[in-house]
Amino acid sequence: MERRDVVIVGGGPAGLAAARHLSDLGVTSVTVFEREQEAGGIPRHCGHTGFGWESHRRIWTGPGYAAALRRDVEGLDVRTGHTVLNIENSVLRVQNSDGVGEITAKQILLATGTRETPRSARFIGGSRPKGVMNTGALQAHVYLHNHKPFDHPLIVGTELVSFSAILTCRHLGIRPVAMIEENARITAPWPGHLVARLVFGVPVSTRTRLLAIEGREQVEAVQVLQEGRQMRIACDGVILTGRFVPEASLLAISPKVLLAGNVQGAVKTSGRCWRDGWVAAQKIARSLT
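Residues numbered from 1 in each chain as written. Predicted model: local features only at pLDDT ≥ 70, side-chain atom pairs only at ≥ 80, totals over all residues. Heavy atoms only, no water.

Participant: Is there a simple way to think about the overall build of the chain in this case?
Facilitator: Each helix and strand counted, the chain has seven helices and 20 strands in total. The C-alpha atoms of the chain give 21 Å as radius of gyration, which agrees with the globular expectation for 289 residues (19 Å, within 12%). Principal axes of the C-alpha set define a box for the chain whose edges measure 65 × 35 × 35 Å. Pairs at least 24 apart in sequence give 63% of the contacts found in the chain among residues at least 6 apart. Carbon together with sulfur atoms contributes 49% to the accessible area of the chain, which is approximately 14300 Å² in total. (Helix = DSSP H or I, 4+ residues; strand = E, 2+ residues; numbered from the N terminus. Rg over C-alpha atoms; globule rule 2.2 N^0.38 Å. Contact = heavy atoms within 4.5 Å. Areas by Shrake-Rupley, 256 points an atom, 1.4 Å probe, with all protein chains shown as cover.)

Shown next, in the form of structure tokens:
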């Protein structure tokens, strides 16, 4: 069985920052497992700018930032296309294209990030046509495949990622019909709703809840409840944003692993996740010595 001093699960900003800093601190027996075929995490799918200042004092697009993170770990043991199936004590079961193997580690860092709540967990009624997706899927359509899944979608949610969805839509000329929020105020910092309406032309409605989706092949409209009144909004897509939950399924088996980044619960920027990885590396290096 292969043995390492440190195994990092997740090749996003937190995981790659930890690997880089561990190497700088003299810890060389480190392996990073990333389930995707390319490391870099969520920024790989975010084509807009605003990444890199907190960690590198540079401003990049998301893919540019992900590329910088990959350059930081060149020469280190970063294994893409590897999925950690479970962790029991110090043993990790890992699957790749060759099958399933095991590896032991003195220290394990879980940096698996977070995910948006899917439709199935939001109790949204109606039919199940094409054109319903979360922000991550939208970014993959637009930035990775240059595909336009709809022309006039409805955006559900007003977190920072919801406004990122607007920027993603603009990349291919997609014009959202509206943005809705169940609560009395938007979740993102003020003046997010003014930016959406005045800069991007997207009206924002608070106290508005999505009830059902209509359509056979493609989304045709949605039913919403706005301040006690049911309304119908014509659209050809629905973007379900935010309501992040940690990707912490591995914690059920091994609750004592160290955490870094958004898997800890509170959603942070990529730069803060990078900082989390850097701090975690210091803790791990101290524990090994």
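Participant: Quick question: what am I supposed to make of the packing of helix H1 (residues 13-24) against helix H7 (residues 270-288) here?
Facilitator: Describing two packed helices takes the angle between their axes plus the distance from one axis to the other. For the pair H1 and H7, the least separation of the axes is 7 Å and the interaxial angle reads 40°. On the basis of the axis angle, H1 is oblique to H7. As H1 runs across H7, the sense of the crossing is right-handed. Only Ser 270, Cys 273, Trp 274, Gly 277, Trp 278, Ala 281, Gln 282, Ile 284 and Ala 285 of H7 make contact with H1, whose side of the interface consists of Pro 13, Ala 14, Ala 17, Ala 18, His 21 and Leu 22. The residue makeup of the contact of H1 with H7, split by class, is eleven nonpolar, four polar and no charged. (Axes fitted to C-alpha atoms, helices over the stretch in contact; angles between N-to-C directions. Parallel < 35°, antiparallel > 145°, perpendicular 65-115°, else oblique. Left-handed = near helix turned anticlockwise from the far one by under 90°. Nonpolar A, V, L, I, M, F, W, Y, C, P; charged D, E, K, R; others polar.)

Participant: So what exactly am I meant to see when it comes to the side chain of Thr 114 here?
Facilitator: Inspection of the secondary structure puts Thr 114 in strand S9 (residues 114-116). A relative accessible area of 18% means that Thr 114 is categorised as buried. At a separation of 2.7 Å, a polar atom in the side chain of Thr 114 contacts the main-chain carbonyl oxygen of Val 245. What Thr 114 contacts, discounting residues up to four positions off in sequence, is Phe 244, Val 245, Pro 246, Glu 247 and Asn 262. (Buried < 20%, exposed > 50% of the residue type's maximum accessible area, 1.4 Å probe, protein only. Polar contact = N/O pair within 3.5 Å; in protein donor to acceptor, adjacent residues only side chain to side chain.)

Participant: I keep staring at unusual backbone geometry and nothing clicks. Help me out?
Facilitator: Across residues other than glycine, the phi torsion is negative in most instances, and most of the peptide bonds are trans. Even without being glycine, Phe 123 reaches a positive phi, approximately 55°. Along the polypeptide, Phe 123 turns up in the loop between S9 and strand S10 (125-126).

Participant: What should I look at first to understand the environment of Ser 270 in this one?
Facilitator: Note that Ser 270 resides in helix H7. A C-alpha to C-alpha distance of 26 Å links Ser 270 and Val 132, two positions 138 residues apart in sequence. Not counting residues up to four positions away in its chain, the partners in contact with Ser 270 are Pro 13, Pro 43, Phe 51 and Tyr 65.

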